[in-house]
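Per-entry structural report
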Amino acid sequence: GTDRARRTDRAVRAGRFWRCALKKTGAELHEQLVCRQNVCLRQLGGNRAGEVRFGRFLANARVSTEELIAGACAGTNPRCQGRHVLAIQDSSEINLQRHSGRVDGLGTVGNGSDLGFFVHPLLAVDANEGACLGLAHLHLWQRTQ
């Protein structure tokens, strides 16, 4: 019984550690995305170690697209309180055919043969000042046929 309790306690502590580490890395990645306005992991990481760390974070099975979107949108609602807000939306095609040998799990885009996905962001903007308040919502999808 005691060995099992110790193993369980260690597993619980390890789970907490990894959740905290993932949250910290995710927050740092989000901060770099906002500050640098770039999506290149090499530039976001600042050096090779940072690039590898962000790459491992994104490849981690515990990190989901839904959680990344929720984190990116989380701070927008409080910034919108008490303001006249414009919600600006767009649909875009992200064509990744050029990287087809390096990426998996993509559908086809506009021409029906190139690989990629679609993104539909909803951006919140202050109607009076024109200030960007953040991402209010984001929907990603891909064609499976």
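Residues numbered from 1 in each chain as written. Predicted model: local features only at pLDDT ≥ 70, side-chain atom pairs only at ≥ 80, totals over all residues. Heavy atoms only, no water.

Moving on, we come to the state of the cysteines. For the coordinates displayed, the defined rule picks out 0 disulfides. There is no disulfide at Cys 80, and the cysteine sulfur nearest it, in Cys 132, is 9.4 Å away. (Disulfide = S-S within 2.5 Å.)

This structure, assessed with the given rule, holds 4 salt bridges. Here Glu 28 ties to Arg 53 by a salt bridge, and the two come within 2.7 Å at their closest N and O atoms. In this pair, Glu 28 sits in helix α1 (residues 2-36) while Arg 53 sits in helix α3 (residues 48-59), placing the two residues 25 residues apart along the sequence. In this structure, Arg 42 engages Glu 51 in a salt bridge whose closest nitrogen and oxygen atoms are separated by 3.1 Å. The class of Arg 42 is exposed, set by a relative accessible area of 51%. Relative accessible area serves as the criterion here: at 14%, Glu 51 is assigned to the buried category. Through salt bridges with shared partners, a single network forms among Arg 42, Arg 48 and Glu 51. (Salt bridge = Lys/Arg side-chain N within 4 Å of Asp/Glu carboxyl O. Helix = DSSP H or I, 4+ residues; strand = E, 2+ residues; numbered from the N terminus. Buried < 20%, exposed > 50% of the residue type's maximum accessible area, 1.4 Å probe, protein only.)

To continue, consider the confidence of the model for the protein chain. Averaged over the protein chain, the pLDDT score is 86; the fraction of residues at 70 or greater is 86%. The lowest-confidence element of the protein chain is α1, averaging 70 in pLDDT; the highest-confidence one is strand β1 (residues 85-89), averaging 96. (pLDDT = per-residue confidence, 0-100.)

Further remarks concern the nonpolar core. Ranked by size, the top nonpolar core spans 6 residues in total: Leu 22, Leu 29, Leu 44, Phe 54, Phe 57 and Val 63. Residue assignment for this core shows that the elements contributing at least two residues are α1 and α3. In this view, Leu 29 contacts Leu 41, Leu 44, Phe 54, Phe 57 and Leu 58; residues no more than four positions away in its chain are not counted. (Core = buried A, V, L, I, M, F, W, Y, C linked by side-chain atoms within 4.5 Å. Contact = heavy atoms within 4.5 Å.)

Here we come to the packing of aromatic side chains. A full pass over the atoms with the stated rule returns 1 aromatic pair. Measuring from ring centre to ring centre gives 5.5 Å for Phe 118 and Trp 141, while their planes differ by 15°; the resulting arrangement is stacked. Within this pair, whereas Phe 118 is found in strand β4 (residues 115-126), its partner Trp 141 is found in strand β5 (residues 132-141), the two being separated by 23 residues in sequence. Given the relative accessible area of 10%, Phe 118 is considered buried. (Phe/Tyr/Trp six-rings, centres within 6.5 Å; stacked < 30°, edge-to-face > 60°.)

On to unusual backbone geometry. Backbone geometry at Gln 37 places phi at a positive 50°, although glycine is not the residue there. Here Gln 37 is to be found in the loop between α1 and α2 (41-45). Here Gln 37 falls in the exposed class, since its relative accessible area comes to 72%.

Next up on the list: the environment of Leu 29. The residue Leu 29 is located in helix α1 in this model. Residues Leu 29 and Gly 50, spaced 21 residues apart in sequence, show a C-alpha to C-alpha distance of 9.6 Å.

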